2 protein chains.
Amino acid sequence: MSAARTQEFRVVGKDVWRVDGRQLVTGATAFTVDYPQRDMLVGKLLGSPHAHARIRRIDCSKAKALAGVHAVLTYEDVPKTRGPIGRRADLFNRVPYTRAGQDHPEPSPWDYFLLDDKVRFVGDRVAAVAAETTEIANAALRLIEVEYEVLSAALTPEQALESGAAVIHDEPDVLHVKDPQHNTCSGVDVTVRDPEAGFAQADTVVEHTYYAQRVQHAQMELHAVVSYFDEHERLVVICSTQVPFHVRRQLATALGLPVGKIRVIKPRIGGGFGGKQEMVIEDICAALTVATHRPVCLELDRFEDLTAARSRHPMRITMKTGVKRDGTLTANEMVALVEAGAYGSHSPTVPTNTGNKNLPRYRCPNVHYKFDAVYTNLPIAGAMRGYGTPQGAFAIECQMDEVVEAIGMDPVDFRLKTTVREGDCDELSPHIYEVEAQNADEGEDSSWPIASCGLEACIQRGAAAIGWEQKRKAYALHNAADPVVRKGVGMCCLSQGSGVASIDTANATIKLNEDGSLSLFIGAADIGTGGDTVIAQIVAETLGLDLEDIVVYTTDTDIVPFDSGAYASSTTYVSGNAALKAAEEIKDSILEVASPLLGVDQEALRLKDHHVVSTQGDKRISLKAVSMHAAYVLKEQIEHTANFVSPVSPPPFAAQFADIEVDTETGQIRVVAFVSAIDAGTIINPKLAAGQVDGAVSMGLGQALIEEMAFDDKGRPLNRGLVDYKLFKAKGMPKLTTIFVETYEPTGPFGVKAVAEIPVNGPAPAVANALKQAIGVRVFDLPLSPERVLRALGKMD
Amino acid sequence: MSAARTQEFRVVGKDVWRVDGRQLVTGATAFTVDYPQRDMLVGKLLGSPHAHARIRRIDCSKAKALAGVHAVLTYEDVPKTRGPIGRRADLFNRVPYTRAGQDHPEPSPWDYFLLDDKVRFVGDRVAAVAAETTEIANAALRLIEVEYEVLSAALTPEQALESGAAVIHDEPDVLHVKDPQHNTCSGVDVTVRDPEAGFAQADTVVEHTYYAQRVQHAQMELHAVVSYFDEHERLVVICSTQVPFHVRRQLATALGLPVGKIRVIKPRIGGGFGGKQEMVIEDICAALTVATHRPVCLELDRFEDLTAARSRHPMRITMKTGVKRDGTLTANEMVALVEAGAYGSHSPTVPTNTGNKNLPRYRCPNVHYKFDAVYTNLPIAGAMRGYGTPQGAFAIECQMDEVVEAIGMDPVDFRLKTTVREGDCDELSPHIYEVEAQNADEGEDSSWPIASCGLEACIQRGAAAIGWEQKRKAYALHNAADPVVRKGVGMCCLSQGSGVASIDTANATIKLNEDGSLSLFIGAADIGTGGDTVIAQIVAETLGLDLEDIVVYTTDTDIVPFDSGAYASSTTYVSGNAALKAAEEIKDSILEVASPLLGVDQEALRLKDHHVVSTQGDKRISLKAVSMHAAYVLKEQIEHTANFVSPVSPPPFAAQFADIEVDTETGQIRVVAFVSAIDAGTIINPKLAAGQVDGAVSMGLGQALIEEMAFDDKGRPLNRGLVDYKLFKAKGMPKLTTIFVETYEPTGPFGVKAVAEIPVNGPAPAVANALKQAIGVRVFDLPLSPERVLRALGKMD
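Since we're looking at a predicted model, the values are computed, not measured.

1. Looking at the overall build of chain A
Here is step 1 of the chain: Along chain A, the regular secondary structure elements total 20 helices and 30 strands.
Here is step 2 of the chain: Against the compact-globule benchmark of 28 Å for 797 residues, chain A has a radius of gyration of 27 Å, which places it among compact chains.
Here is step 3 of the chain: Principal-axis analysis of the C-alpha atoms places the extent of chain A at approximately 85 × 70 × 55 Å.
Here is step 4 of the chain: For chain A, the proportion of its 797 residues judged to be buried stands at 65%.
Here is step 5 of the chain: Contacts in chain A between residues far apart in sequence, at least 24 positions, make up 81% of those at least 6 positions apart.

Here it is, written out as structure tokens:
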């Protein structure tokens, strides 16, 4: 039984303006580099020219002697403190991210240094310079003399796993790495019931291997930091980050400073997409400030951002599926070989999503999921929108179409039959998370029930919108005539999460001003998504206010309460729930103050349109008057902080459909139309949600068709910028249709789930499945480039 | 029965470094003008050349045409919104300062305009300019053509009260002014029991009239404002103020903006002394920003600061005292004619202190206090350290010496006999405050009991320190020989308050960081006193921490909880109590988290030296570990906001003693030694408290001897700066001795009362009383200038 929306909304569900909208469109918005400080120096990094090398000698004397150079830092100048950079990073050698009810923490690799005497990928940090101008800093970089001992490099996980491969993390004190001697960073191997028995029961077993390539966030705003000591001699770090509190903690470890001496401020952000979900350059910029006691600005250029920042994990995924003739799945197995790149970062957790955000979407009693994440001498794979899910979605959704073909069903009919529904349970995720908490007690169910699910309607409405039945038939006829331009329509189903269960943490503080306006302090980092607006809508809805009555504070670790950050589609669900709780506490306080003023019991009062009104409707007082009374007569500051951690991560669902044309002479794919039908619960702000979908589809189509980070045989990056790392532009986009299938998630604020990530997962499998219809052969590797299409058609070696 | 200190302190009572000390001595501290904004304009004001005039015509066309001028504002450009500027100011036409339990608010004069077509004193605002440089702004001021209709001016209260005097506030909509047609701003007339009967019972009735002159704060940092619109299009006003929240509210009224759109930030402040206890130039600077949409910096120069800012209320006070031969007082009457200056500002409240912080110090059954505050065409009298008390102290303490002389007692013996002691009650203050609250119910005592009083010890220890008995006798002998240089020793007793009872409001928010450090948000505005340090000491003491563990936030109305501001010696007592409560709530939360970790009941745990320890002493865990557990395992932001409003204002007490020499040929007084013996309860930080006393004595000696704001017969100021407005410098100061007589005030945090104001009250009467011994005649008017001394000696007309 699902909860249903029982109320009419005032602000929720409305296309209200973004709280930062006017400033964005007038150019008034200030990003990190718009906060210059007096006497600020420019920071620059020297990157390694080698994929794997030890620094034998480094001589900075000429660089230091250059006029205008204030600091040159190498591994010789900083403590060799190892630390983690990924989400589950630590302080004081105790891993903070412990799931509720668990004593044993989930480790994150302690394999990262501020600066090291070893470099592990081309572009890895060798030295940092702070100088008075960019020109001087660049000149200083050229004056640094480095003598390298070049080591053999592993450029694929397969190479890294070979016996005799160079050990990438041979430092003796590396911690929380699964098997450093064999370059294995992390891994998981879990089963639900008995997959082997499942395969034995199947009428058909289908097995294929799929490959998802390395792509990059390519967010508009580059990684940038401004650091300085303030007048209290505290280190202030203004940075373009999704995780201000994690950066604060990680900086403390890296610099050996107490957390209380560091203040991290996140101004407006020009895109994150996961690339800013860890400390990236904040530590080295801050180290330059520590060394010079001067403000320093360090901003990566696009080449550095593409290579020395983070990227999506490349994965080779083998799917093995047992199915009965009627479409019933008997077993589903996913085995992923994951490329971590040079440092562990998010590698213990990203690939968990690959399985648990995909496999539970299909009703199947026996499931096996396994991954190994392996170090290579290539850039660091980190968090990226979808967080491991897109790679798994590509594999499983292509695989399901192969299964469909094997048993002669229609892909839509198959999915209507086999995908989960409300009341089903996700049995895999608790295994992966090893949640042995409350609900793991004997006799209790350790699976996660799905409380809201609009997937069936997503499939149906999406199929209707793309014209599935007609096109599927028409294109079969069209292609049968063997034209140069073939046509195909493909689809896929998707699921994701709403935050990370029992991990993601949000707090919200609300302060009532004397005029009835509110100051809203949330740790949630709006990274351009409109998160601040959506949370303000939730608060406004709760209190009968308008957005204009609420000032939302930019995240500042000194001022806002703790929040684990903006990632995992968590802001609206997790931070929104915290804000809702805080708003309800504020409401209670307001009604408590108003009650004697109106002579009406608190229980018989409610907030409506800036007034406290009696449910009888006969008494009313303005919120302004109540606020003035509280401030100046009762002399109380009404202010509440509320906390939210979710025991579950309610999945949003979606079906996506692609209608394509393929030129069989050039191998070029053109996506003609693309439909996204999405169940993200209640949609708080339709325009912002639709913007999320448009952006995600563009990013997903990039992964499907044109994006790939490429390297030469020495591990040197071949993409130098956005000229040769291609992104979808408005002009190349297909016609987009977005349908929100609204359900009401009972655990979400006003029924919401998440929307930010799920639409990025589907373009690759939907297009790949359409391609299969168009050309009759499967392309198993991404991107679906002209070369691969021609190769699949046998027209190219 | 007094409470006593029952604990040993760790941080309280220690000379710990100021939290802002290192920055102050290294010059790193940022004051208002150290926050320049990009594209900032310079603001300048055109002051009136006439004491009283109507603007008949004003032509700004030439000024506006000058290149680099961005705005010229006159009364024609801004709404004529009247508003109040004093402490008890209002918003929305409802006066906010209502005493607890009272429905009727205390009004403040609504007699002030952003700009008006009438000027009421020389220097009153005529126009404001915003330009690209100071030079251009000054040139623009010279180009403004004004045609005045000069009106007759009242330069003394007596002139203003004469029938036929020009009405200074003849605007029709003036509000909360006692009798505008007769230039009377405010007044009070209260009695305790029957003064006339008291005089009838007396053996002797002594009556004299005393005069305390107009002096100025002359704080180091001039009035300064930087205003701008931030990237959220909110008006940010950085200003050197004592009352950020009041300024925010008053700005809202003046500019017609909602409170929620205004953010007031108080950086470090270079002295306030009451001169920054109201909106002074914040409104006009902000109006220039509104007009130009550009940042504007407006800083008064010393001449403007001396004349167009605020000053102490000049008062002519008649004392009439009935006394019995044994020194028993039978009636005490104080009648004050108070000069308000051109606007009402703090005039309804400053003169209440004149009576109620002085008369209750003497045991006397019958008391009468009356004042009238009268408008004149001279600068605005506002709040100033002591807030009306020094003028009353001068009158009553000189008067008591006259009484002593009349009955032939020793001044010290008389005061030991007649001043109040612990357990006595202040019967007058509740009358003046008209507190009809809780304790005014029938049968209950409506007086304020004195819960701690070290006055007897102050008198005794101060007398011993100055060498009272010996000197009094020796100087009598010395003077009897009629030498050119005469000698005298004089003394006085003092009392003050600790905040304003049932009005002053403080809130404190404390946020626990994951490393066990704290963020402390207090609205209390440290104006250079060290208030931030003292409150941090209170929090550190409560939580077993050091000052280094606490970051205290500069007041920012967006971020810190509401506080009525820094004045009335309230910070340590009122804001300290709020901080103590918040710290205790944080302590409870910490112990609650630690209890299951240690397996010890919460009640059996306490905080000590950065650890939670069991009272048995057998279990301990570091605060860091507890904080990490709260943040990452329980995932809770421990944060509390606590509120404090005091029903009483426990008086600190003091006795001050002056040892002087008088040159009877020049009339010059030299203060040789000065002793302050002060009961301010527990002293939290002895060095800071002693600094407060030294500064106050220097200020009090200025009022006693050399400071006076003087005007010519057109009301034009004669003091142009600190060359002709003399202040005491280190070189001219006497030997200072400060003795803290520590009592334990049960209502104060760790037993504190207040220290900031009381020592400013005594130098004038102590020196005047010493002068009486030295020259044998009384000088009734301040300052005790050479001219007045010579006149008293009959050597000058």
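2. Focus on the nonpolar core
Here is step 1 of the chain: One finds Y369, F657, I660, I669, V767, L771 and L784 of chain B to be the most contacted residues of the largest nonpolar core, which totals 103 residues.
Here is step 2 of the chain: No other element matches helix α10 (residues 389-407) of chain B, which puts nine residues into this core.
Here is step 3 of the chain: In terms of nonpolar packing, the next biggest core, distinct from the first, is built from 101 residues, I432, Y475, I660 and I683 of chain A among them.

3. Focus on the interface of chain A and chain B
Here is step 1 of the chain: Contact residues are listed per partner, giving 67 residues for chain A and 67 residues for chain B.
Here is step 2 of the chain: For the pair chain A and chain B, the summed buried area comes to about 5100 Å², and 52% of that belongs to carbon and sulfur atoms.
Here is step 3 of the chain: Contact with chain B buries surface across chain A, with E231, Y632 and K635 of chain A losing the most and accounting together for 14% of the total.
Here is step 4 of the chain: In this structure, the connection of chain A to chain B is made through four salt bridges.
Here is step 5 of the chain: Among the salt bridges present, the one from E233 of chain B reaches R22 of chain A, with a minimum N-O distance of 3.9 Å.
Here is step 6 of the chain: Applying the counting criterion to the chain A and chain B interface returns 24 residue pairs in polar contact (both at pLDDT 80 or more).
Here is step 7 of the chain: Broken down by secondary-structure element, the contributors of at least two residues to the side of chain A that touches chain B are α1 (21-26), α6 (244-255), β21 (505-512), β22 (518-522), β23 (550-553), α17 (623-633) and β27 (639-645) of chain A.

4. Description of the pattern of salt bridges
Here is step 1 of the chain: Here the structure, examined in full by the defined rule, presents 84 salt bridges over all chains.
Here is step 2 of the chain: Linking R18 of chain B and D20 of chain B is a salt bridge whose minimum nitrogen-to-oxygen distance equals 2.9 Å.
Here is step 3 of the chain: Shared partners join several salt bridges into a network, and the residues in it are R18, D20, R268, D526 and D532 of chain A.

5. Some points on the packing of aromatic side chains
Residue and element names in this part refer to chain A.
Here is step 1 of the chain: Within the structure shown, the criterion is met by 23 aromatic pairs over all chains.
Here is step 2 of the chain: The interplanar angle of 80 degrees and the centroid separation of 5.0 Å between the aromatic rings of Y112 and Y343 together place this pair among those described as edge-to-face. On the criterion of sequence distance, the pair formed by Y112 in strand β5 (residues 112-113) and Y343 in the loop between β16 (329-341) and α9 (350-356) is long-range, its members being 231 residues apart.
Here is step 3 of the chain: With relative accessibility at 3%, the residue Y343 sits in the buried group.

6. So, the environment of Y362 of chain B
All names here are of chain B.
Here is step 1 of the chain: With respect to the secondary-structure elements, Y362 resides in the loop between α9 (350-356) and β17 (367-375).
Here is step 2 of the chain: By relative accessible area, Y362 is classed as buried at 3%.
Here is step 3 of the chain: Sequence-distant contacts of Y362, that is, excluding residues within four places in its chain, are made with L329, I396, E397, M400, F414, R415, T418, T419, V420 and C493.
Here is step 4 of the chain: Only 2.7 Å separates the side chain of Y362 from the side chain of E397, close enough to count as a polar contact.

7. Notes on the packing of helix α11 (residues 411-418) of chain A against helix α13 (residues 455-466) of chain A
All names here are of chain A.
Here is step 1 of the chain: Orientation of α11 relative to α13, taken along the N-to-C sense of each, is 165 degrees, at an axis distance of 9 Å. One way to sum up the angle between α11 and α13 is to call them roughly antiparallel. The chirality of how α11 crosses α13 is left-handed. Contact residues: α11 offers V412, R415 and L416, while α13 offers E456, I459, Q460 and A463.
Here is step 2 of the chain: For the contact of α11 with α13, the residue count by class is four nonpolar, one polar and two charged.

8. Some points on a negative patch on the surface
Here is step 1 of the chain: On the surface, a cluster of negative charge is made up of E584, D588, E592 and E636 of chain A.
Here is step 2 of the chain: The topology assignment puts E592 of chain A in helix α16 (residues 571-598).

9. Describing the relation of the copies chain A and chain B
Mapping one chain copy onto the other needs a rotation about an axis and a shift along that axis.
Here is step 1 of the chain: Between chain A and chain B, which share one sequence, the superposing operator has a rotation angle of 180 degrees and an axial displacement of 0.0 Å; the RMSD is 0.0 Å. Both chain copies can therefore be described as sitting about a two-fold axis. The C-alpha atom lying nearest the rotation axis in chain A is that of I559 of chain A; the distance is 3.5 Å.
Here is step 2 of the chain: Of the residues that chain A buries at the interface, 100% are likewise interface residues in chain B, meaning the two copies contact each other through the same surface.

10. Brief notes about the pairing of strand β17 (residues 367-375) of chain A
Each regular strand displays side chains that alternate between the two surfaces of the sheet.
Residues and elements named next belong to chain A.
Here is step 1 of the chain: Burial analysis of β17 places eight of its nine residues in the buried class, the great majority of the element.
Here is step 2 of the chain: Examined bridge by bridge, strand β9 (residues 184-192) and β17 share eight bridges and lie antiparallel to one another. Residue V192 lies in a different strand from β17, and its bridge partner there is V367.
Here is step 3 of the chain: Pairing between β16 and β17: nine bridges, direction parallel. Each bridged residue has a counterpart across the sheet, and for G341 the counterpart in β17 is Y375.
Here is step 4 of the chain: For the handedness criterion, the β-α-β arrangement of β16, α9 and β17 is classed as right-handed.

11. Concerning the sheet that holds β22 of chain A
Picture the strands of a sheet paired through backbone hydrogen bonds; they go either parallel or antiparallel.
Residues and elements named next belong to chain A.
Here is step 1 of the chain: The strand order β23-β22-β21-β27 describes an open sheet built from four strands, whose pairing is mixed. The open sheet terminates on both sides in strands that have one partner only, identified here as β23 and β27. Going from strand to strand, the sheet's axes swing by 20 degrees on average, the running direction of each strand aside.
Here is step 2 of the chain: Note: β21 against β22, five bridges, orientation antiparallel. The partner of L512 across the bridge, within β22, is L518.
Here is step 3 of the chain: α16 rests against β21 and β27 of the sheet, and its axis sits at about 145 degrees to β27.

12. Things to note about the side chain of H169 of chain A
Residue and element names in this part refer to chain A.
Here is step 1 of the chain: Considering the arrangement of structural elements, one finds H169 in the loop between α4 (157-161) and β9.
Here is step 2 of the chain: Judged by its relative accessible area of 0%, H169 falls in the buried class.
Here is step 3 of the chain: Within the local environment of H169, its side chain forms a polar contact with the backbone oxygen of A342, the two atoms lying 2.7 Å apart.
Here is step 4 of the chain: Residues within four places of H169 in sequence aside, it is in contact with D111, R120, V174, P180, N183, A342, Y343 and Y375.

13. Here's the deal with the sheet that holds strand β30 (residues 735-740) of chain A
All names here are of chain A.
Here is step 1 of the chain: Reading across the sheet, the four strands line up as β20-β28-β29-β30 and stay open at both edges, with mixed pairing between neighbours. Only two strands of the sheet have a single neighbouring strand rather than two, namely β20 (485-495) and β30. Each neighbouring strand pair of the sheet contributes to a mean axis angle of 10 degrees, computed without reference to strand direction.
Here is step 2 of the chain: As paired strands, β20 and strand β28 (residues 653-663) are joined by eleven bridges and run antiparallel to one another.

14. Things to note about the confidence of the model for chain A
Residue and element names in this part refer to chain A.
Here is step 1 of the chain: Overall, the predicted model of chain A reaches an average pLDDT of 92, with 95% of residues at or above 70.
Here is step 2 of the chain: Low pLDDT (under 50) marks residues 89-105, which in the prediction has 71 contacts with non-local residues, meaning those over four places away or in another chain.
Here is step 3 of the chain: Scored as a complex, the prediction yields pTM 0.89 and ipTM 0.84.

15. Brief notes about helix α15 (residues 531-543) of chain B
Residues and elements named next belong to chain B.
Here is step 1 of the chain: Taking 1.5 Å per residue, 13 residues should reach 18 Å; α15 reaches 19 Å between its end C-alpha atoms and fits that length.
Here is step 2 of the chain: Burial analysis of α15 places 13 of its 13 residues in the buried class, which makes it a mostly covered element.
Here is step 3 of the chain: Looking one or two residues beyond α15, the residue adopting positive phi is G544, at roughly 65 degrees.

16. Description of unusual backbone geometry
Here is step 1 of the chain: The amide bond that connects L782 of chain A to the next residue, P783 of chain A, takes the cis arrangement and shows omega of -5 degrees.
Here is step 2 of the chain: Position of P783 of chain A relative to the elements: it lies in the loop between α19 (763-775) and α20 (786-792).
Here is step 3 of the chain: We note that H610 of chain B has phi near 65 degrees; this positive angle belongs to a residue other than glycine.
Here is step 4 of the chain: On the secondary structure map, H610 of chain B appears in the loop between β24 (605-608) and β25 (611-614).
Here is step 5 of the chain: Of note in the backbone geometry, K635 of chain B takes a positive phi value of approximately 55 degrees without being a glycine.
Here is step 6 of the chain: Mapped onto the elements of the fold, K635 of chain B is located in the loop between α17 (623-633) and β27 (639-645).
Here is step 7 of the chain: The exposure class of K635 of chain B is buried, given its relative accessible area of 1%.

17. Observations concerning the state of the cysteines
Here is step 1 of the chain: Applying the stated criterion across every chain yields a total of zero disulfides over all chains.
Here is step 2 of the chain: Its sulfur unpaired, C364 of chain A is 15 Å from the next cysteine sulfur, which belongs to C425 of chain A.
Here is step 3 of the chain: Residue classification places C364 of chain A among the buried residues on the basis of a relative accessible area of 11%.
Here is step 4 of the chain: In this structure C239 of chain B is a free cysteine whose sulfur lies 9.1 Å from that of C285 of chain B, the closest cysteine sulfur available.
Here is step 5 of the chain: By relative accessible area, C239 of chain B is classed as buried at 0%.

Definitions and cut-offs
- Residues numbered from 1 in each chain as written.
- Chains lettered and ligands numbered in written order.
- Predicted model: local features only at pLDDT ≥ 70, side-chain atom pairs only at ≥ 80, totals over all residues.
- Heavy atoms only, no water.
- Helix = DSSP H or I, 4+ residues; strand = E, 2+ residues; numbered from the N terminus.
- Rg over C-alpha atoms; globule rule 2.2 N^0.38 Å.
- Buried < 20%, exposed > 50% of the residue type's maximum accessible area, 1.4 Å probe, protein only.
- Contact = heavy atoms within 4.5 Å.
- Core = buried A, V, L, I, M, F, W, Y, C linked by side-chain atoms within 4.5 Å.
- Buried area = accessible area lost by both parts, 1.4 Å probe.
- Salt bridge = Lys/Arg side-chain N within 4 Å of Asp/Glu carboxyl O.
- Polar contact = N/O pair within 3.5 Å; in protein donor to acceptor, adjacent residues only side chain to side chain.
- Phe/Tyr/Trp six-rings, centres within 6.5 Å; stacked < 30°, edge-to-face > 60°.
- Axes fitted to C-alpha atoms, helices over the stretch in contact; angles between N-to-C directions.
- Parallel < 35°, antiparallel > 145°, perpendicular 65-115°, else oblique.
- Left-handed = near helix turned anticlockwise from the far one by under 90°.
- Nonpolar A, V, L, I, M, F, W, Y, C, P; charged D, E, K, R; others polar.
- Patch = residues over 30% accessible without salt bridge, like charges linked within 9 Å, V, L, I, M, F, W, Y side chains within 5 Å.
- Areas by Shrake-Rupley, 256 points an atom, 1.4 Å probe, with all protein chains shown as cover.
- Lys, Arg positive; Asp, Glu negative; His and termini not counted.
- Charge placed at Lys NZ, Arg CZ, Asp CG, Glu CD.
- Least-squares fit on C-alpha atoms with pLDDT ≥ 70 in both.
- Pairing = 2+ DSSP bridges.
- Right-handed = clockwise from strand over helix to strand, strands pointing away.
- pLDDT = per-residue confidence, 0-100.
- Expected span 1.5 Å × (residues − 1).
- Disulfide = S-S within 2.5 Å.

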